[in-house]
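# Analysis of the macromolecular model
Now for the letters of each chain:
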Number of protein chains: 2
Amino acid sequence: MSTAPVSPPRPRGSVTDRVYEALKQDIFEFRRLPGDRFTESDVAQRLNASRTPVREALYRLQREGYVDVLFRAGWQIRPFDFEHFEELYDLRITLERAAVHKLVRQESAEKVISQLQMIWDPDRVALDRVVGSTVRVLDESFHCEIVAAAGNREMARIHQELTERLRIIRRLDFSKENRIKATYEEHAEILDALARKRSDHAAQLLTAHIRTSQAAVRDITMERIREAAEVLQRRVYAGDAG
Amino acid sequence: MSTAPVSPPRPRGSVTDRVYEALKQDIFEFRRLPGDRFTESDVAQRLNASRTPVREALYRLQREGYVDVLFRAGWQIRPFDFEHFEELYDLRITLERAAVHKLVRQESAEKVISQLQMIWDPDRVALDRVVGSTVRVLDESFHCEIVAAAGNREMARIHQELTERLRIIRRLDFSKENRIKATYEEHAEILDALARKRSDHAAQLLTAHIRTSQAAVRDITMERIREAAEVLQRRVYAGDAG
DNA sequence: AGCGAGATTCATGTATTCAAGATTAAAATC
DNA sequence: GATTTTAATCTTGAATACATGAATCTCGCT
């Protein structure tokens, strides 16, 4: 017993992975809307796969909270539940606050912090040229790297999952330039506090930073969902629906 | 769109669920040891099922961190990684501390706290008659209910998962009577602090409580695993192995 | 005996088929 | 016309069959 693993893990290019990513994109791009119902065979046919990998992908998405299975009656995109998103944000704050406090006690902290400071120096960046989608990716990695650097792998994993689940609404935050500018400034402040080992202050700034983003997103989301629904509706009436 | 779900969720008695529970029990009871390798067909034959539900159960267990799939080379019980358990404990502390601070601000707090106080009053319980396995269940629900009462469902869900994953080693904590007595006293103290809305104090007590349990478990676990391994070995030599 | 090439076995990943019951539509009745 | 009954359809859950490639074993060779 206790033989070490010898072969590589599941290959990246599996059908299951492809279906999983495609479905997730569909949900993220609002091509499937909260409440929409569909069947496994539907998805299988659309994505040129059999039901087996489709089912595996759907179960993964179910565990991650994106879809629900209705016993012998198809699947459903989990309806938007804003209270739930609020709770996700809350949990994110809890985790990142804890991470900050852990981080200042790690030896590797300085290195990570100074690396992040290179990226988030508002003076070195042409703020009016920054693209929103890029900032979203950078913002995600800012928060994830802070948590990862705290040294608790499980915490980092949960936080990573949270980030994925919040992505669907968080990216709306970077559609306005003032939010982009604010993000740079706030990140710089947080890093400054971290560099000085002022973990309490850093945690406080981080909390405010996330809360701001949370509030901004809350304002925008409903509007966007309604827009997407209208576009789809129009497509349906024009006879262009699948 | 937006049709409400009409049929009940997946029935409890599904083959997948049965296989899932059986495998988890095997792992918890040390009938399958960390490092052990096995195949899907093995499990299917043993549990009288086809490979399909076995695979679904295994993937669930994989996501929860109990097993690994080796590409085209079978499955493996994830080797014991004590650092990882330490991290799980750490995360548990983080979540429960946050929950305590949230809890004192909830209106429903008083009710939950006084209910728990009924259970964990050391004066009302014949401590020498308490059974370890019962205390473990009660202890789990003590911590879970505090987190649940804080009002963040996602936090409660993650905490619940943590509890499950730690169960395999946590139950070893209640095999000695002094730990049982200490558990009652510490829980009572925590509840007292909560009732007085001293969340800082409660968080501090809770942290110490969990750390104690963590240390006690750390001492016992290795010994137990070795014992289980010896028993199995003996069975193998006696020709009684499956 | 030690070693290596090739065939074979066996593993998971995927596709297909079968089963049971929920949904839906039609038909029959009041 | 409204409502109940019934039959056809459709859905997921589970079992089985097939494909692909890794691991292993055999057999011949040095």
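The residue numbers shown here count from 1 along each chain, following its written sequence. Each chain gets a letter, beginning with A, and each ligand a number, beginning with 1, in the order they are written. With the structure being a predicted model, the display of local features is reserved for residues of pLDDT at least 70 and the display and counting of side-chain atom pairs for 80 or more, all residues being used for whole-chain, interface and lining totals. To get the side-chain values, take all heavy atoms of the structure and skip hydrogens and water.

## Concerning the sheet that holds strand β3 (residues 75–77) of chain A
Residues and elements named next belong to chain A. What makes two strands pair is DSSP finding at least two bridges between them. Elements are defined by DSSP. Helices are runs of H or I of four residues or more, strands are runs of E of two residues or more, and each kind is numbered from the N terminus. Taken in spatial order, the three strands line up as β1-β3-β2 in an open sheet, and their pairing is antiparallel. Since the sheet does not close on itself, it has two edges, and those belong to β1 (37–38) and β2 (67–69), each with one partner. Here two bridges tie β1 to β3, and the two strands are oriented antiparallel to one another. Considered in β3, the bridge of F38 is made with W75. Contacting β1, β2 and β3, helix α3 (residues 51–63) runs over the sheet at an angle of about 115 degrees to β2. Contacts were defined at the residue level, with two residues in contact if any of their heavy atoms lie within 4.5 Å. Only the contacting stretch of a helix is used when fitting its axis, a line to C-alpha atoms as for every element, and angles between N-to-C directions run 0 to 180 degrees.

## Comments concerning the side chain of R165(A)
Structurally, the position occupied by R165(A) is in helix α7 (residues 153–170). Relative accessibility thresholds used throughout: buried, under 20% of the residue-type maximum; exposed, over 50%; partly exposed, between the two (1.4 Å probe, protein chains only). Since its relative accessible area comes to 9%, R165(A) is described here as buried. Residues within four places of R165(A) in sequence aside, it is in contact with E64(A), G65(A), Y66(A), H84(A), F85(A), L88(A), E154(B) and R157(B).

## Some details on the side chain of E140(A)
All names here are of chain A. Following the sequence through the fold, E140 ends up in helix α6 (residues 132–149). The class for E140 is buried, based on a relative accessible area of 8%. Contacts of E140, omitting those with residues within four sequence positions, involve T163, R167 and R170.

## Details of the protein's contact with DNA strand C
Residue proximity to a molecule or strand is established when one non-hydrogen atom of the residue lies within 4 Å of it. In the region of DNA strand C, 20 residues are neighbours, and V15(A), S50(A), T52(A), R55(B) and Y59(B) sit closest. Of all DNA strand C atoms lying within 4 Å of any protein atom, the proportion belonging to sugar or phosphate reaches 68%. Residue E40(B) places a main-chain N or O atom 3.2 Å away from a phosphate oxygen belonging to DNA strand C. Identification of polar contacts relies on pairs of N or O atoms within 3.5 Å, with a donor-acceptor requirement for protein atoms, meaning one able to donate a hydrogen and the other able to accept it, and with residues adjacent in sequence counted only if both atoms are side-chain atoms. At a separation of 2.8 Å, a phosphate oxygen of DNA strand C approaches a polar side-chain atom of R55(B). Secondary-structure elements contributing two or more residues to the surface near DNA strand C are α1 (15–28) and α3 of chain A together with α3 (51–63) of chain B. Taken together, the residues that form the surface near DNA strand C break down as seven nonpolar, seven polar and six charged. We call Asp, Glu, Lys and Arg charged. Ala, Val, Leu, Ile, Met, Phe, Trp, Tyr, Cys and Pro are nonpolar, and the rest, Gly among them, are polar.

## Some details on the protein's contact with DNA strand D
The environment of DNA strand D is made up of 21 residues, and the closest members are R55(A), Y59(A), V15(B), S50(B) and T52(B). When the atoms of DNA strand D within 4 Å of the protein are sorted by group, sugar and phosphate make up 66%. The backbone of E40(A) places a nitrogen or oxygen atom 3.2 Å from a phosphate oxygen of DNA strand D. One of the side-chain N or O atoms of R51(A) is found 3.1 Å from a base nitrogen in DNA strand D. When residues of the surface near DNA strand D are traced back to their parent elements, those giving at least two are α3 of chain A together with α1 (15–28) and α3 of chain B. By residue class, the composition of the surface near DNA strand D is eight nonpolar, seven polar and six charged.

## With respect to the pattern of salt bridges
Proximity of charged atoms lets side chains of opposite charge pair with each other. When a carboxyl oxygen of Asp or Glu lies within 4 Å of a side-chain nitrogen of Lys or Arg, that pair is called a salt bridge. Tallied over the entire structure, the rule returns 43 salt bridges over all chains. With its nearest N and O atoms 2.8 Å apart, the salt bridge here joins E140(A) to R167(A). Taken together, the residues E140(A) in helix α6 and R167(A) in helix α7 connect sequence positions 27 residues apart. By relative accessible area, which is 17% here, R167(A) ends up buried. Residues R78(B) and D68(B) are paired through a salt bridge, measuring 2.6 Å at the closest nitrogen-oxygen approach. Here R78(B) is found in the loop between β3 (75–77) and α4 (82–103), whereas its partner D68(B) is found in strand β2 (residues 67–69), with 10 residues between them in sequence. Residue D68(B) is classed as partly exposed on the basis of its relative accessible area of 22%.

## Some points on the packing of helix α4 (residues 82–103) of chain A against α7(A)
Residues and elements named next belong to chain A. Interaxial distance between α4 and α7 falls to 10 Å at its minimum, and their mutual angle equals 140 degrees. Accordingly, the angle class assigned to the pair α4 and α7 is oblique. Crossing hand, α4 versus α7: left-handed. Counting all contacts with α4, which are made through H84, F85, L88, Y89, L91, R92, L95, E96, A98, A99 and K102, the residues of α7 involved are M155, I158, H159, L162, R165, L166, I168, I169 and R170. Of the residues belonging to the contact of α4 with α7, the class tally is 13 nonpolar, two polar and five charged. Oblique is the label for any angle not under 35 degrees, not over 145, and not in the 65 to 115 range, which are roughly parallel, roughly antiparallel and roughly perpendicular in turn. When the near helix sits turned anticlockwise from the far one by under a right angle, the crossing is termed left-handed; a clockwise turn instead gives a right-handed crossing.

## A short note on the nonpolar core
Definition of nonpolar core: a set of buried residues of the types Ala, Val, Leu, Ile, Met, Phe, Trp, Tyr and Cys, connected through side-chain atoms within 4.5 Å. Formed by 121 residues in total, the largest nonpolar core has its most connected members in V67(A), L95(A), L194(A), V67(B), L95(B) and L194(B). Apart from residues no more than four positions distant in its own chain, V67(B) is found in contact with I27(B), F38(B), L58(B), L61(B), Q62(B), W75(B), Q76(B), I77(B) and R78(B).

## Brief notes about the sheet that holds β3(B)
Residues and elements named next belong to chain B. Spatial ordering of the open sheet is given by β1-β3-β2, a layout of three strands whose pairing is antiparallel. If you trace the sheet from one side to the other, it starts and ends with β1 (37–38) and β2, each paired once. The sheet contact formed by β2 and β3 spans three bridges and is antiparallel. Bridge pairing links V67 to I77 in β3. Those strands touched by α3 are β1, β2 and β3, and its axis lies near 115 degrees from that of β2.

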